[in-house]
Amino acid sequence: MARRKQADPGKPEDKFIVLFTALSMILLAFFIMLNSLATPDVSRSRAAMGSLVGTFGTLPGFEQQRLQVEMEFESSQTHSSGNDLEKIVRTKLEGETNLLVEKDPDGRIVVSVGPDLIFKKGGVEVAPSAFGTLDQLAELIRELRLPVRIEGHADATPSRNNWYLSARRAASVYRYMAANHKIRPEQVTAAGFGDSQPDRTGVYRARVEVVFIPAKVKGGGK
């Protein structure tokens, strides 16, 4: 009985089938990702991104894009309005009597901290007594995943460099949070304003402000 001739794996039609199957899988993964991005569902977005990473490995810039997508989805869906954000911040910081939470005219939520709580008189290094308060603020920053600016402000005392003092204090608070909590570098900035901006009552008061910027607010400048 004659043996049946085996198929030649090197035939052009076999190579075409392999190539066509691989291309189909890539297109399928691509359309799954597009559908996930078009639908405002964070869990589906993460699942699709994770599937692509598992299939093709991490691509250059892919991780940064994934983090940005997550931040945009979560901030736009969870904190869609300044009123919602203000309520969340007030609830989370309810036990902190030394913090003042306000909403400014631009829709940003401002958490104001007096310098006596964080620094020694005239100092720029964070005092251990402030660790608990700053830890709670840092956890809130991580949880909300919104753009945040840490602002230093000084009073109108003419005998010192107010801008330098306010900038150093804002930087000290930022460094403490960055060193002790996993805060995304692209999420938080720090700035010093010296005695150029009064507080909400019109008083040029020394303070540190943690400013949460809702997704719908463009930019963080005053």
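What you are looking at is a predicted structure, and each value in this text was computed from that prediction instead of being measured. (Residues numbered from 1 in each chain as written. Predicted model: local features only at pLDDT ≥ 70, side-chain atom pairs only at ≥ 80, totals over all residues. Heavy atoms only, no water.)

**Things to note about the sheet that holds strand E3 (residues 148–153)**
Then comes step 1: Strand order in the open sheet made by the five strands is E1-E2-E5-E3-E4, with mixed pairing throughout. In this open sheet, the two strands that pair with only one neighbour each are strand E1 (99–103) and strand E4 (188–192). Strand-to-strand twist across the sheet, computed as the mean angle between neighbouring axes with direction ignored, equals 20°.
Then comes step 2: For E3 and E4, the ladder comprises five bridges, and the chain directions are parallel. (Pairing = 2+ DSSP bridges. Helix = DSSP H or I, 4+ residues; strand = E, 2+ residues; numbered from the N terminus. Axes fitted to C-alpha atoms, helices over the stretch in contact; angles between N-to-C directions.)

**Overview of helix H7 (residues 162–180)**
Then comes step 1: The end-to-end C-alpha separation of H7 is 27 Å, in line with the 27 Å expected for 19 residues at 1.5 Å each.
Then comes step 2: Taken together, the buried positions of H7 are occupied by Asn 162, Leu 165, Ser 166, Arg 169, Ala 170, Ser 172, Val 173, Tyr 176 and Met 177. Projected onto a plane normal to the axis of H7, the buried residues spread over an arc of 150° and lie on a single side. Turned more than 90 degrees off the buried face of H7, the exposed positions are Trp 163 and Ala 179.
Then comes step 3: Among the structural elements, helix H5 (115–118), helix H6 (131–144), E3, E4 and strand E5 (207–212) are those in contact with the buried residues of H7.
Then comes step 4: The N-capping residue of H7, defined by a side-chain oxygen 3.3 Å from the backbone nitrogen of Trp 163, is Asn 161. (Expected span 1.5 Å × (residues − 1). Buried < 20%, exposed > 50% of the residue type's maximum accessible area, 1.4 Å probe, protein only. Arc of directions from axis to C-beta. Contact = heavy atoms within 4.5 Å. Polar contact = N/O pair within 3.5 Å; in protein donor to acceptor, adjacent residues only side chain to side chain.)

**Points about H6**
Then comes step 1: Look at H6: 20 Å from first C-alpha to last across 14 residues, which is about the 20 Å you get at 1.5 Å a residue.
Then comes step 2: Among all positions of H6, only Thr 133, Leu 134, Leu 137, Ala 138, Leu 140, Ile 141 and Leu 144 are buried. One side of H6 holds all its buried residues, which, seen down the axis, span an arc of 160°.
Then comes step 3: Positive phi appears at Arg 145, one or two residues downstream of H6, with a value of about 55°.

**Topic: unusual backbone geometry**
Then comes step 1: Its identity is not glycine, yet Arg 145 carries a phi of approximately 55°, on the positive side.
Then comes step 2: Assignment of secondary structure puts Arg 145 in the loop between H6 and E3.
Then comes step 3: When its relative accessible area of 21% is taken as the criterion, Arg 145 is described as partly exposed.

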